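Coordinate analysis (summary)
Spelled out from the first residue to the last, the chains are:
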Amino acid sequence: MALRQLRLGVNIDHVATVRNARGGAHPDPVTAAKLAIEAGADGITAHLREDRRHIRDEDISRLRALSRPLNLEMAATGEMQAIALKTRPHAVCIVPERREERTTEGGLDAAGQMTALAPFVAKLNDAGIRVSLFIAAEASQIEAAAKLRAPVIEIHTGGWCEALAHGDSAASDREWRRIVAGTQQAASLGLEVHAGHGLTYESAEAIAALPQIAELNIGHFLIGEAISGGLAAAIKTMRAAMDRGRAKAS
Ligand code: PXP
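Residues numbered from 1 in each chain as written. Predicted model: local features only at pLDDT ≥ 70, side-chain atom pairs only at ≥ 80, totals over all residues. Heavy atoms only, no water.

1. Details of the sheet that holds strand β6 (residues 152-156)
Spatially, eight strands are ordered β1-β2-β3-β4-β5-β6-β7-β8 in a closed barrel, and the strand pairing comes out parallel. Neighbour-to-neighbour, the strand axes of this sheet turn through a mean angle of 25°, independent of strand direction. In the packing of helix α8 (residues 169-188) onto the sheet, contacts are made with β6, β7 (192-196) and β8 (213-218), and the angle to β6 comes to roughly 175°. (Pairing = 2+ DSSP bridges. Helix = DSSP H or I, 4+ residues; strand = E, 2+ residues; numbered from the N terminus. Axes fitted to C-alpha atoms, helices over the stretch in contact; angles between N-to-C directions. Contact = heavy atoms within 4.5 Å.)

Here it is as structure tokens:
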């Protein structure tokens, strides 16, 4: 029997990273989100960080108005909860956040933070927002997610992808086995399973074979590929604009 198509959530954070490098409005992450939807993305993912280093509050309200579901990644803070309750995205993915990190380095310690997370998750559940917890594929974290009544977990694939990138097959095999066991455990507990972080064409193809996984969230690699694939076209358009300007003056 054919499996259901795997959903693709496109994370557009790094379009905002490039925009913010110059402080203007270009490139616009919402334009990128529209392009992603046209190209077949099932949803848009954006991480509103406490320091607003890429996505900003106004991006979130504009992304919310698009035709596809918005998956808002955020830390479990009062400020973010208020934003989620006001904006009402389709889904919230709760991630750990440390100011000094370059990206979300580890999974959420759902097992260690049960007391704080329980009312936080309950409030979002009550508001009809689909809650996902970004966790490592560890038995105790998966059990905690089920106890917290989060309907979804997103498995952190960063360690596996890093091991693949370094050609460390012992580590990548170990991480892969953890992911397989984690997805099976989560599905048996009735959780919907998503995965993401560091995914590339090769790793996405490999993980797509796991039938329990319903959605992948992918950002950095796609934005990198967009630069490789789109730079030549942008340069040709610029060359043509310069040549037109010269031709008019001569
Ligand atoms: N999923 C979550 C929960 C994340 O925090 C991130 C990174 O923001 C991603 C997926 C996407 O990771 P990447 O940008 O490495 O594809």
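2. Here we look at the nonpolar core
Ile12, Leu63, Ile94, Leu124, Leu133, Ile153 and Ile207 are the most contacted members of the largest nonpolar core, which has 58 residues in total. Here this core gets five residues from one element, more than from any other, and that element is helix α2 (residues 29-38). Beyond its immediate chain neighbours, meaning those up to four positions away, Leu63 contacts Ile12, Pro29, Val30, Ala33, Ile44, Ala46 and Leu70. (Core = buried A, V, L, I, M, F, W, Y, C linked by side-chain atoms within 4.5 Å. Buried < 20%, exposed > 50% of the residue type's maximum accessible area, 1.4 Å probe, protein only.)

3. A few points about α8
The terminal C-alpha atoms of α8 lie 28 Å apart, and with 20 residues this matches the ideal 28 Å at 1.5 Å per residue to within 8%. Among all positions of α8, only Ala171, Ser172, Glu175, Ile179, Gly182, Thr183, Gln185 and Ala186 are buried. Taken down its axis, α8 places every buried residue within 165° of arc, on the same side. α8 presents Ala170, Arg177 and Ser188 as exposed residues on the side facing more than 90 degrees away from its buried surface. Structurally, α8 contributes buried residues whose contacts are with α6 (139-147), β6, α7 (158-165), β7, α9 (201-207) and β8. Just past α8, the residue Gly190 takes up positive phi, approximately 85°. (Expected span 1.5 Å × (residues − 1). Arc of directions from axis to C-beta.)

4. A word on the pairing of strand β2 (residues 43-47)
The buried count for β2 comes to five of five residues, which makes it a mostly enclosed element. In β2, alternate side chains face the same way, and those of Gly43, Thr45 and His47 on one face and Ile44 and Ala46 on the other are all buried. As paired elements, strand β1 (residues 7-11) and β2 share three bridges and run parallel to each other. Of the residues in β2, the one forming a bridge with Gly9 is Gly43. Relative to strand β3 (residues 70-74), β2 is paired through four bridges, and the arrangement is parallel.

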